[in-house]
Amino acid sequence: MAELPARLAALTQARIGLGRAGQALDTAATLAFDLAHARARDAVHAGFDVSALQAAFDVIEVRSAAPDRATYLQRPDLGRQLPAAEAARLRPTGADTAIVVGDGLSATAVARHAVPLVRALLPILGGRLAPVVVAHQARVALGDAIGAALAVDIVVMLIGERPGLSAPDSLGAYITWQPRPGRQDSERNCVSNIRPPHGLDHDSAAARIAWLVHQARARRLTGVALKDESAARPRLG
């Protein structure tokens, strides 16, 4: 039985079977925990470098009502609001679907996964796509205001998720039908933990997102009434 913790540890990033030094964790486990905590904090405070997105796609940049990172963390409501001057950059183009990439609580996740995920999405999303919108100091609900300004039927919000001690780089996708300010979380669908090799890979995530988008168009809704019954399965590694 002594080898069981080691076998389990090989299957998960969870902290199990840690060594002890008396009544405390041993030095290696303590240092590993401190490093994971530092990475999570760094992910929250990391700057949002949009150069890779600009190089890969035709993008429009906007900023939420949060003027800086400190305010963004202290005032979540401001991260959901799109100032009028920013909304003016967004014009209806006849598109019915918009992809928004927001930094959220982990710009690290966006830097690692947004470009390959959007590339996987574009050929299978269907519909008439607006230019990719890149949003600074963004919360999920900022996508509602962006979608309303673009007059689209569906917004796909790709955003950095709250870092954990084993996952500082997890990207989430939130799909909302008829986006507008005031939408509730129950009116969205979410595909989370997009972070190969330890979470959902980009192609599997794109397949799930596209399935939800196509079903949303057909049923004219998202949220709790739309269950993910896609044939896609997670591929780890």
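A short tour of the structure in this document, coming up. (Residues numbered from 1 in each chain as written. Predicted model: local features only at pLDDT ≥ 70, side-chain atom pairs only at ≥ 80, totals over all residues. Heavy atoms only, no water.)

With that settled, the discussion passes to the overall build of the protein chain. When helices and strands are counted, the protein chain shows eight helices and eight strands. Over its C-alpha atoms the protein chain spans a radius of gyration of 19 Å, differing by no more than 12% from the 18 Å that the globule rule assigns to 237 residues. Projected onto its principal axes, the C-alpha positions of the protein chain cover 65 × 40 × 35 Å. Taking contacts inside the protein chain between residues at least 6 apart in sequence as the whole, the part at least 24 apart equals 69%. By element, 53% of the accessible surface of the protein chain is carried by carbon and sulfur atoms, the whole surface being about 11800 Å². Within the protein chain, one finds 27 positive and 22 negative side-chain charges whose respective centroids are separated by 3 Å. (Helix = DSSP H or I, 4+ residues; strand = E, 2+ residues; numbered from the N terminus. Rg over C-alpha atoms; globule rule 2.2 N^0.38 Å. Contact = heavy atoms within 4.5 Å. Areas by Shrake-Rupley, 256 points an atom, 1.4 Å probe, with all protein chains shown as cover. Lys, Arg positive; Asp, Glu negative; His and termini not counted. Charge placed at Lys NZ, Arg CZ, Asp CG, Glu CD.)

If you check helix α8 (residues 202-219), its first and last C-alpha atoms are 25 Å apart, about what 18 residues at 1.5 Å a residue would give, namely 26 Å. Restricting attention to buried positions, one finds in α8 the residues His202, Ser204, Ala205, Ala206, Arg208, Ile209, Ala210, Leu212, Val213 and Ala216. Elements that come into contact with the buried residues of α8 comprise α6 (107-125), β6 (154-160), β7 (171-177) and β8 (188-194). At the N-terminal end of α8, a side-chain oxygen is found 3.0 Å from the backbone nitrogen of Asp203, two or three residues along, and the residue is Asp201. Following α8 by one or two positions, Arg220 has its phi on the positive side, about 60°. (Expected span 1.5 Å × (residues − 1). Buried < 20%, exposed > 50% of the residue type's maximum accessible area, 1.4 Å probe, protein only. Polar contact = N/O pair within 3.5 Å; in protein donor to acceptor, adjacent residues only side chain to side chain.)

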